[in-house]
Amino acid sequence: MNTKILVTGALGQIGSELVNALRARYGEEAVVASDIRMPPRGTDGPFDFVDCTNQRSLQEVIRRHDVRTIYHLAALLSAVAESKPQVAWDVNMGGLYRVLEVARETRCAVFFPSSIGAFGPDTPPDHTPQDTVQRPVTMYGVTKVAGELLCDYYHHRFRVDTRGVRFPGLISHGAPPGGGTTDYAVEIFHEAIRHRHYTCFLGPDTRLDMMYMPDAMKAAIEVMEVDPSRLVHRNAFNVTAMNFTPEELAAEIRKHIPDFKIDYNVDPVRQAIADSWPNSLDDRAAREEWGWNPEYGLAAMVQDMLENLGKKLKPVG
Ligand code: NAD
Ligand code: SER
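Residues numbered from 1 in each chain as written. Chains lettered and ligands numbered in written order. Predicted model: local features only at pLDDT ≥ 70, side-chain atom pairs only at ≥ 80, totals over all residues. Heavy atoms only, no water.

If you check the shell around ligand 1, you find 26 residues, and the closest are Gln-13, Ile-14, Asp-35, Arg-37 and Tyr-140. Residue Gln-13 places a main-chain N or O atom 2.8 Å away from an oxygen atom belonging to ligand 1. The side chain of Asp-35 places a nitrogen or oxygen atom 2.7 Å from an oxygen atom of ligand 1. Relative to its free-state accessible area of 840 Å², ligand 1 is covered by the protein chains to the extent of 92%. More than half of the atoms belonging to ligand 1 lie within 2 Å of the grid points that define the largest pocket. Mapped by element, the contributors of at least two residues to the shell around ligand 1 are β5 (109–115), α5 (139–158) and β7 (169–171). The element best represented in the shell around ligand 1 is β5, accounting for 3 residues. Tallied by class, residues from the shell around ligand 1 come to 15 nonpolar, 7 polar and 4 charged. (Near = heavy atom within 4 Å. Polar contact = N/O pair within 3.5 Å; in protein donor to acceptor, adjacent residues only side chain to side chain. Areas by Shrake-Rupley, 256 points an atom, 1.4 Å probe, with all protein chains shown as cover. 1 Å grid on protein atoms, 1.4 Å probe; cavity = no way out; pocket = protein on both sides within 12 Å on 5 of 7 lines; lining within 4 Å. Sits in = over half its atoms within 2 Å of the grid points. Helix = DSSP H or I, 4+ residues; strand = E, 2+ residues; numbered from the N terminus. Nonpolar A, V, L, I, M, F, W, Y, C, P; charged D, E, K, R; others polar.)

In this section: the site of ligand 2. Surveying the vicinity of ligand 2 reveals the residues Leu-77, Ser-78, Ser-115, Tyr-140, Gly-180, Thr-181, Thr-182 and Trp-277. Taking Tyr-140, its side chain carries an N or O atom lying 2.7 Å from an oxygen atom of ligand 2. In the environment of ligand 2, a nitrogen atom lies 2.7 Å from a nitrogen or oxygen atom belonging to the side chain of Thr-182. Put simply, ligand 2 lies in the largest pocket. Its residues assigned to classes, the shell around ligand 2 shows 3 nonpolar, 5 polar and no charged.

Our next topic: the sheet that holds strand β11 (residues 242–244). Read from one edge of the open sheet, 3 strands run β7-β9-β11, paired in mixed fashion. Both edges of this open sheet fall to β7 and β11, since each of them pairs with a single strand only. Going from strand to strand, the sheet's axes swing by 40° on average, the running direction of each strand aside. The sheet strands contacting helix α7 (residues 213–225) are β7 and β9 (208–212), and the helix crosses β9 at an angle near 85°. (Pairing = 2+ DSSP bridges. Axes fitted to C-alpha atoms, helices over the stretch in contact; angles between N-to-C directions. Contact = heavy atoms within 4.5 Å.)

As a further point, take the sheet that holds strand β1 (residues 5–8). The strand order across the open sheet built from 7 strands is β3-β2-β1-β4-β5-β6-β10, with neighbouring strands paired in parallel fashion. With partners counted over all chains shown, the strands left at the sheet margins are β3 (47–49) and β10 (237–238), one partner each. Across 2 bridges, the pairing between strand β6 (residues 162–167) and β10 is parallel. From the neighbouring strand, Arg-166 faces β10, where its bridge partner is Asn-238.

What follows deals with the packing of helix α6 (residues 184–195) against helix α11 (residues 298–312). If you want to describe how two helices pack, look at the angle between their axes and the distance between the axes. Packing of α6 against α11 leaves a shortest axis separation of 10 Å and a crossing angle of 55°. When the axis of α6 is compared with that of α11, the two are oblique. Between α6 and α11 the crossing geometry is right-handed. Touching Phe-189, His-190 and Ile-193 of α6 are Met-301, Val-302, Met-305, Leu-306, Leu-309 and Gly-310, all from α11. (Parallel < 35°, antiparallel > 145°, perpendicular 65-115°, else oblique. Left-handed = near helix turned anticlockwise from the far one by under 90°.)

Moving on: the environment of Thr-143. As for its position among the elements, Thr-143 is in helix α5. Assessed through its relative accessible area of 2%, Thr-143 is described here as buried. Along the chain, Thr-143 and Val-91 lie 52 residues apart, while their C-alpha atoms are 9.5 Å from each other. Setting aside its immediate chain neighbours within four residues, Thr-143 contacts Ala-88, Trp-89, Asn-92 and Met-93. (Buried < 20%, exposed > 50% of the residue type's maximum accessible area, 1.4 Å probe, protein only.)

Taking 1.5 Å as the rise per residue, helix α1 (residues 15–26) with 12 residues should run 16 Å; its terminal C-alpha atoms sit 16 Å apart, in good agreement. Inspection of α1 places Gly-15, Leu-18, Val-19, Leu-22, Arg-23 and Tyr-26 among the buried residues, and these make up the whole buried set. Down the axis of α1, the smallest arc covering the buried residues is 130°, so these residues share one side. Residues of α1 that are buried sit in contact with β1, β2 (31–35), β4 (69–72) and α7. A positive backbone phi angle near 105° is found at Gly-27, which sits one or two residues after α1. (Expected span 1.5 Å × (residues − 1). Arc of directions from axis to C-beta.)

Inspection of the entire model under this criterion finds 9 aromatic pairs. Their ring planes at 70° and their centres at 4.8 Å tell us that Tyr-212 and Tyr-296 sit as a pair that is edge-to-face. Taken together, the residues span a long stretch of sequence, with Tyr-212 in strand β9 and Tyr-296 in the loop between α10 (284–290) and α11 at a distance of 84 residues. For Tyr-212, a relative accessible area of 1% corresponds to the buried category. Ring geometry for Phe-237 versus Trp-290: centroids 5.7 Å apart, planes at 80°, classification edge-to-face. With a gap of 53 residues between them, Phe-237 in strand β10 and Trp-290 in helix α10 connect regions that are remote in the sequence. The same class applies to Phe-237 and to Trp-290, which are both buried. Chaining the aromatic ring pairs together yields one cluster made of Tyr-71, Phe-111 and Phe-167. The ring of Phe-158 has Arg-104 sitting right over it, with the charged end atom 5.3 Å from the ring centre. It is Arg-270 that lies over the ring of Phe-201; its NZ or CZ is 3.6 Å from the centre. (Phe/Tyr/Trp six-rings, centres within 6.5 Å; stacked < 30°, edge-to-face > 60°. Lys NZ or Arg CZ within 6 Å of the ring centre and 35° of its normal.)

Written as structure tokens, this is what we have:
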């Protein structure tokens, strides 16, 4: 991979960890973080304020740093996008279009994270194939499908090296999630440690694919490093690592915190979004084409989350 890298949306749940992972691999000065928020004082490494919907700002930063690869993470997540669909279209589509245009002009490679949200109720819900029906019913999903197609178009039409994955819900102990439907799977750990009790906004049997953040970093880096001649697909590889319901996650947490209790106060908006997504993905294309192989399953993820959050959070009362 060309190693001068720009990360947009770098202060979010993924970006805050991806910047560190990329810097550990390629060197601190090789990775420019950017966002429309400012990083906390004392944060190391290059940072620029970049609104991804501002093409001039993108061009200027890419030329100044001689960027060769863009990890384009800036976007509104599913629940926020559903509450502000017009803004979501502007940021998710407008941002991606401008990133691709600048990539075309400057010959940069682009990583674009799609999502399980790119599927809809007509998609086969179990072991959802790599290539299948994509008729999402959320603005988030509409922008993800359109984004996948736009990335394919820029590759076929302009030979821009676009690549990407469809992430499931991501679980991490760093920066908080930014307003998605799978956020419960992070919040539950904070509440389990602090209050030994969590009220979940999705119903007990809502089954979704999930992934621990170290595996998400692995996917984002490996798909950009692989020899492109191995790729049949380019954009939007299904990737997954584990699969559970809130009830099953609570049962696994209870192995470490026996008096942990979960109850439910279902949010109809986020429940409807989750119900429109697959129960599980088939990620064989990623495994076959670039060797995708996640390290963390449910038990290992829960143990690591509780260990790491336990260093930061204290039980209340
Ligand atoms: P996040 O909400 O935590 O972070 C997004 C970041 O983008 C924020 O720091 C925000 O300030 C920034 N941003 C918003 N508007 C911007 C703009 N106009 N210009 C520049 N920056 C802007 O999101 P995340 O969880 O880190 O997700 C990153 C990407 O990965 C998104 O495209 C998301 O759809 C995708 N994804 C995330 C998950 C997940 O579970 N976290 C799953 C699938 C796909
Ligand atoms: N975790 C993301 C969300 O819930 C999935 O793309 O929005």
